[in-house]
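# Understanding the architecture of this molecule
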Amino acid sequence: MKKFEYKTFSMPKTGLLKQKKSPDEKLNKLGQEGWECVSVYAPVSAGTSTEISYRLREKLDKKDNSHPIVK
């Protein structure tokens, strides 16, 4: 059975779907570490969203079910 670890991070946004800072640099760095972006969403509160959240997953090694970074 495949096992995954999940991570979520959020970035603030302003205006209609305009982010203050591009997530590309962070997503590319995490991608190089083995993380895969599996969803992007904008939590809504009171009819507006102030951030965009990214959910990532990483496949855990079959032999060792621990994450190499998290101890």
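The structure displayed is predicted, hence computed values, not measured ones.

Turning to the confidence of the model for the protein chain, a few remarks are in order. Counting all residues, the mean pLDDT for the protein chain is 79, and 76% of those residues have values of 70 or more. Within the protein chain, no element has a lower average pLDDT than strand S2 (residues 18-19), which sits at 58, and none a higher one than strand S3 (residues 36-41), at 93.

By secondary structure assignment, the location of Ser53 is in strand S4 (residues 51-59). The exposure class of Ser53 is buried, given its relative accessible area of 3%. In terms of polar contacts, Ser53 uses its side chain to reach the side chain of Ser10, at 2.6 Å. Leaving out residues up to four positions away in the same chain, Ser53 has contacts with Thr8, Phe9, Ser10, Ser39, Val40, Tyr41 and Pro43.

Before going further, it helps to spend a moment on the nonpolar core. Counting seven residues, the largest nonpolar core consists of Phe9, Met11, Leu30, Trp35, Ile52, Tyr54 and Leu56. The set of elements that each furnish at least two residues to this core consists of strand S1 (4-14) and S4. Of the residues forming this core, the biggest block, three residues, is contributed by S4.

Okay, the packing of aromatic side chains next. The description of two aromatic rings rests on the distance between their centres and on the angle between their planes. The tally for this structure, following the rule as stated, stands at two aromatic pairs. Between the aromatic rings of Phe4 and Tyr6, the centroid separation amounts to 6.4 Å while the plane-to-plane angle is 50 degrees, which identifies the pairing as tilted. Of the residues examined, Tyr6 reaches a relative accessible area of 46% and is grouped as partly exposed. Ring geometry for Phe9 versus Tyr54: centroids 5.1 Å apart, planes at 20 degrees, classification stacked. Of the two residues, Phe9 is situated in strand S1 and Tyr54 in strand S4; the sequence distance between them amounts to 45 residues.

Criteria and thresholds
Residues numbered from 1 in each chain as written. Predicted model: local features only at pLDDT ≥ 70, side-chain atom pairs only at ≥ 80, totals over all residues. Heavy atoms only, no water. pLDDT = per-residue confidence, 0-100. Helix = DSSP H or I, 4+ residues; strand = E, 2+ residues; numbered from the N terminus. Buried < 20%, exposed > 50% of the residue type's maximum accessible area, 1.4 Å probe, protein only. Polar contact = N/O pair within 3.5 Å; in protein donor to acceptor, adjacent residues only side chain to side chain. Contact = heavy atoms within 4.5 Å. Core = buried A, V, L, I, M, F, W, Y, C linked by side-chain atoms within 4.5 Å. Phe/Tyr/Trp six-rings, centres within 6.5 Å; stacked < 30°, edge-to-face > 60°.

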